[in-house]
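# Analysis of the macromolecular model
The residues making up each chain are set out below.
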Amino acid sequence: SEWTCGVTGGDVTCVAAADGTSIIYFGGSFGAAGNVTGTARVAAWDGSEWTALGAVQGGDVRAMVALGSLLLIAGDFQSVDSIPARGFARLDPAAYQYRWSEEGGGITGVVNVMQRRGLSCVLVAGAFAASTDPTLAAATNASTVPAVRNAGRYCLVSEDGT
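The paragraphs below set out a description of the structure included in this document. Counting of residues starts from 1 at the beginning of each chain's written sequence and follows it residue by residue. In keeping with the model being predicted, local features are shown solely for residues with a pLDDT of at least 70 and side-chain atom pairs are shown and tallied solely at 80 or more, while totals for entire chains, interfaces and linings include all residues. Water and hydrogen atoms were dropped before computing side-chain values, which therefore reflect all heavy atoms in the structure.

Let's shift gears to the environment of A40. Comment: elements are numbered from the N terminus, with helices defined as DSSP H or I runs of at least four residues and strands as E runs of at least two. Along the polypeptide, A40 turns up in the loop between β4 (32-33) and β5 (42-45). Considered as a pair, A40 and G54 are 14 residues apart in the sequence and their alpha carbons are 7.6 Å apart. Residue contacts are counted whenever heavy atoms from the two residues lie within 4.5 Å of one another. With sequence-adjacent residues up to four places away left out, A40 is seen in contact with F30, G31, A55 and V56.

Now for the pairing of strand β2 (residues 12-17). Pairing between strands requires that DSSP locate at least two bridges from one strand to the other. Pairing of β2 with strand β3 (residues 24-28), which is carried by 5 bridges, proceeds in the antiparallel orientation. Its bridge partner being in β3, A17 is matched across the sheet by I24. If you look at the hairpin formed by β2 and β3, you'll find 6 residues sitting between the two strands, and G20 has a positive phi there, around 70°.

Here the focus is the sheet that holds β3. Spatial ordering of the open sheet is given by β2-β3-β5-β6, a layout of 4 strands whose pairing is antiparallel. Bordering the open sheet on either side are β2 and β6 (50-52), each of which pairs with just one other strand. Each adjacent strand pair in this sheet contributes to an overall mean axis angle of 30°, direction not counted. Bridge analysis of β5 against β6 gives 3 bridges, and the strand direction is antiparallel. For A43, the partnering residue across the bridge sits in β6 and is A52. Fitted lines through C-alpha atoms serve as axes, helices being fitted only where they are in contact, and the angles separating the N-to-C directions of these axes extend from 0 to 180 degrees.

Spatial strand order, β8-β9-β12-β13: 4 strands in an open sheet with antiparallel pairing. Each edge of the open sheet carries a strand with a single partner, namely β8 (61-67) and β13 (99-102). With strand direction ignored, the average angle separating the axes of adjacent strands in the sheet is 25°. Direction of pairing for strand β9 (residues 70-75) relative to strand β12 (residues 88-92): antiparallel, over a ladder of 4 bridges. Across the sheet, the residue bridging to L71 is L91, located in β12.

Within soluble globular proteins, side chains that are nonpolar tend to cluster in buried spots. Grouping buried Ala, Val, Leu, Ile, Met, Phe, Trp, Tyr and Cys residues that are joined through side-chain atoms within 4.5 Å yields what is termed a nonpolar core. Partly exposed residues are those whose accessible area sits between 20% and 50% of the maximum for their type, while under 20% is buried and over 50% is exposed, using a 1.4 Å probe and protein chains only. Grouped together as the largest cluster of nonpolar side chains are 19 residues, with contacts concentrated most on M64, L71, I73 and W100. Breaking this core down by element, the ones donating at least two residues are β2, β5, β8, β9 and β12. Looking at this core, the element that brings in the most residues is β8, giving 3 residues. Apart from residues no more than four positions distant in its own chain, I73 is found in contact with V42, V56, V61, A63, M64, V80, G87, F88, A89, W100 and M114. Listed in part, the 13 residues of the second largest apolar core include V65, F88, V111 and F128.

So, on to the packing of aromatic side chains. Here a pair means two rings of Phe, Tyr or Trp (six-membered ring of Trp) with centres within 6.5 Å. Their orientation is stacked below 30 degrees between planes, edge-to-face above 60, and tilted elsewhere. Overall, the coordinates contain 2 aromatic pairs when judged by the stated rule. Centroid distance W45 to W50: 5.0 Å. Interplanar angle 55°. Geometry classified as tilted. With a relative accessible area of 26%, W45 lands in the partly exposed category. Overall, W50 belongs to the buried group, its relative accessible area being 11%. Ring-pair connections join several aromatic residues into one group, and the members of that group are F26, W45 and W50.

Set out below in structure tokens:
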């Protein structure tokens, strides 16, 4: 047997499965998925065909997490589907078609890893400066560990559900 992926022009660096569906999201540095336009660096696979989610511009997708029907992507990109989104973006597939928005005020730098925590939060890590949004709290201790990379937690709602 042979592994086939269907992406060309780069690598897949992250994968996330949508809750309650057969959809799998792929992110990375690839130029296209299948022969579908609008699939540069992020695309969805439903088991039989690729779906365009809007091309990522100005960098790569390095991490992604599905939270319910939402998809969070992070990396070192500048925009998604021509919508400004500095390194941290959210896709709401339930919205009209697929609608992207910048999350957490964006990131200056790069997010390399995201991990789901609970139903509505993610932990993020990489080499990024503090976001302008206080809900993405960056934590560093550069005075004692010079090589530290930034980390933080981002929640779509507060921990008490509001």
